[in-house]
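Observations on the three-dimensional arrangement
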Amino acid sequence: MQNVQPTASHFINGAYVEDATGAAIDVVYPATGAVIATLHAATPAIVDQALAAAKAAQPVWAAMTGTERGRILRRAADMIRDRNRALSELETLDTGKPLQETLVADATSGADALEYFGGLAASLTGEHIQLGQDFVYTRREALGVCVGIGAWNYPTQIACWKGAPALACGNSMVFKPSETTPLSALKVAEILHEAGLPAGLFNVIQGRGDVGAALVTDPRVDKVSLTGSVPTGRKVYAAAAQGIKHVTMELGGKSPLIVFDDADVEDAVGGAILGNFYSSGQVCSNGTRVFVQKGIKERFLARLKQRVEAAVIGDPMDEATNFGPMVSAAQRDIVLGYIEKGQAEGARLITGGQRIDGDGFYLTPTVFADVTDGMTIAREEIFGPVMAVLDFDDEDEVIARANATEFGLSAGVFTRDLTRGHRVIGQLEAGSCWINTYNLAPVEAPFGGAKLSGVGRENSKAAIEHYSQLKSVYVAMGPVDAPY
Ligand code: NDP
């Protein structure tokens, strides 16, 4: 396994770079607590080196045709797929997520983004607007140097979801992964360059929030895309505003998943499981407030308990395991704190709620019922395997309650009445929604949040708008008619 690991802390200007004077960052395998690598945070010299490389490389890349840029991205996508197993094993070491998940949801999702935006690159165009004899044409131009800052739950995917559209549009990128999961983005950089990406266009540097902040405030940077929590989003958005920089903010959520009593209970339970326990609950779009109509509540809970208790918890490298540890001891302890609050505030524990003894950061998947809107576990993002089940009587009531949150990332509805499904989704204040499923995020669909959950969209053609800008050019065909 060691041989797939990156060979240094940073990847700058097409090569691995080390600067051991930076603060040490231990990379911990969450299943055992073992330190599997030690990297170093970027020093100011490393930050400068990465930004200088990105700045110098970008104009040459933007001057290439979209077809040429796209070909490189698509080649990288193929290489990622060829190496999926090794990359997935690395992702599992980095995050603790079961190999059963990482084999299908991480590097493969990154490859999808590179393939999709690689395919779009050649068709990015402006338009021609005829104005009598005169005309205007628009040029779709790159923004310049983009900074990507990632959360720890999907390190490969986040690097590719930001890098692929940025590069397709002719930008360069400096990416800073979360200090908790710093390895995989380096492999993305390595593969992109092996696929033919010119040096300097996709750089990865390590560090904590201070390194992120140094990147965001640097005058060479034109755009910042953050995946992280709302508090970090506020800081990064404010810092970017000083330089009137473009931003994309993919932030947290406390999303509603509404199950009407005509729903297929088995499907609804499946959706609630996918929307709460995949990646041990460390997914931003999770439907953590599960509103179940009273008529089917107990049936839903009984089946949910049965199925959740069938989860295979254990060694993430064993492909039979489908529920792994939390990413860190710190995150596990935060989640345990929420479980205690749930119990103290009177929610009914249906299953789970336990820390599993041992060196790994394991918790059992946890379901609370009889949760009310005011309880802490119904209001705050937990980012762990804790599902809150709330009951409701009717449609108008549940819509109002579902929207009574400052977040607006996602929402889901389970019902056999499709008219109701569309009517309800139309009224929910959220950016990424599902009817009769949950948490599918194909690259073809826009992804992002409303309200405090973010601004901008990732994936789909919509992402192009967030990594390019239009220049409009008025062309006069006759004399200039000045008043004096
Ligand atoms: P954080 O907000 O703690 O960190 C996100 C990233 O920002 C990290 O790389 C962090 O560095 C960096 N950072 C922290 N402070 C600053 C700063 N002042 N300036 C610049 N960068 C900074 O999020 P987590 O890593 O804990 O991830 C969990 C959060 O991410 C949840 O709220 C989750 O909902 C959200 N998320 C949103 C997604 C979406 O698409 N909407 C998807 C996935 C997660 P470091 O941690 O190394 O200090």
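Up top is the structure these notes are about.
Residues numbered from 1 in each chain as written. Predicted model: local features only at pLDDT ≥ 70, side-chain atom pairs only at ≥ 80, totals over all residues. Heavy atoms only, no water.

Focus: the nonpolar core
Within the largest apolar cluster, 61 residues are counted, with the highest numbers of intra-cluster contacts made by Leu 114, Phe 117, Leu 192 and Phe 202. Setting aside chain neighbours within four positions, we find Leu 192 in contact with Ile 72, Leu 73, Ala 76, Leu 114, Leu 167, Leu 197 and Phe 202. (Core = buried A, V, L, I, M, F, W, Y, C linked by side-chain atoms within 4.5 Å. Buried < 20%, exposed > 50% of the residue type's maximum accessible area, 1.4 Å probe, protein only. Contact = heavy atoms within 4.5 Å.)

So, helix 5 (residues 107-121)
In this model, helix 5 (15 residues) spans 21 Å end to end at C-alpha, consistent with the 21 Å of a helix rising 1.5 Å per residue. Those residues of helix 5 lying buried are Ala 107, Thr 108, Ser 109, Gly 110, Ala 111, Ala 113, Leu 114, Tyr 116, Phe 117, Gly 118, Leu 120 and Ala 121. Of the surrounding elements, those touching the buried residues of helix 5 are helix 2 (66-82), helix 3 (84-95), helix 4 (99-105), helix 6 (155-168), helix 7 (184-194) and helix 16 (462-466). (Helix = DSSP H or I, 4+ residues; strand = E, 2+ residues; numbered from the N terminus. Expected span 1.5 Å × (residues − 1).)

Focus on empty space enclosed by the protein
Where empty space is left can be seen by rolling a probe of water-molecule size over the atoms. For the structure on display, the rule yields two cavities of 30 Å³ or more. Reported here for the largest cavity is a volume of approximately 70 Å³. Along the walls of the largest cavity sit 16 residues, with Pro 256, Phe 407, Gly 408, Ser 410 and Glu 429 positioned nearest its centre. Looking at the lining of the largest cavity, the elements with two or more residues in it are helix 14 (395-403) and strand 17 (410-414). Tallied by class, residues from the lining of the largest cavity come to seven nonpolar, five polar and four charged. Empty space within the second largest cavity amounts to approximately 50 Å³. Residue lining of the second largest cavity: Gly 253, Gly 281, Val 283, Cys 284, Asn 286, Thr 288, Glu 381, Ile 382, Phe 383 and Gly 384, and that is the complete set. Split by residue class, the lining of the second largest cavity holds four nonpolar, five polar and one charged. (1 Å grid on protein atoms, 1.4 Å probe; cavity = no way out; pocket = protein on both sides within 12 Å on 5 of 7 lines; lining within 4 Å. Points joined across faces, edges and corners; volume = space filled by probe spheres on them. Nonpolar A, V, L, I, M, F, W, Y, C, P; charged D, E, K, R; others polar.)

Regarding unusual backbone geometry
Positive phi, normally seen in glycine, also occurs at Asn 13, with a value near 55°. Here Asn 13 shows up in the loop between strand 1 (10-12) and strand 2 (15-17). Here Ser 460, not a glycine, exhibits a phi torsion of approximately 65°, which is positive. Here Ser 460 is to be found in the loop between strand 19 (454-455) and helix 16.

Section: the environment of Thr 351
Mapped onto the secondary structure, Thr 351 falls in strand 14 (residues 348-351). As for Thr 351 and Leu 301, which are separated by 50 residues in sequence, their C-alpha atoms are 9.9 Å apart. Setting aside anything within four residues of it in sequence, one finds Thr 351 in contact with Lys 305, Val 308, Glu 309, Pro 365, Thr 366 and Val 367. Only 2.7 Å separates the side chain of Thr 351 from the side chain of Glu 309, close enough to count as a polar contact. (Polar contact = N/O pair within 3.5 Å; in protein donor to acceptor, adjacent residues only side chain to side chain.)

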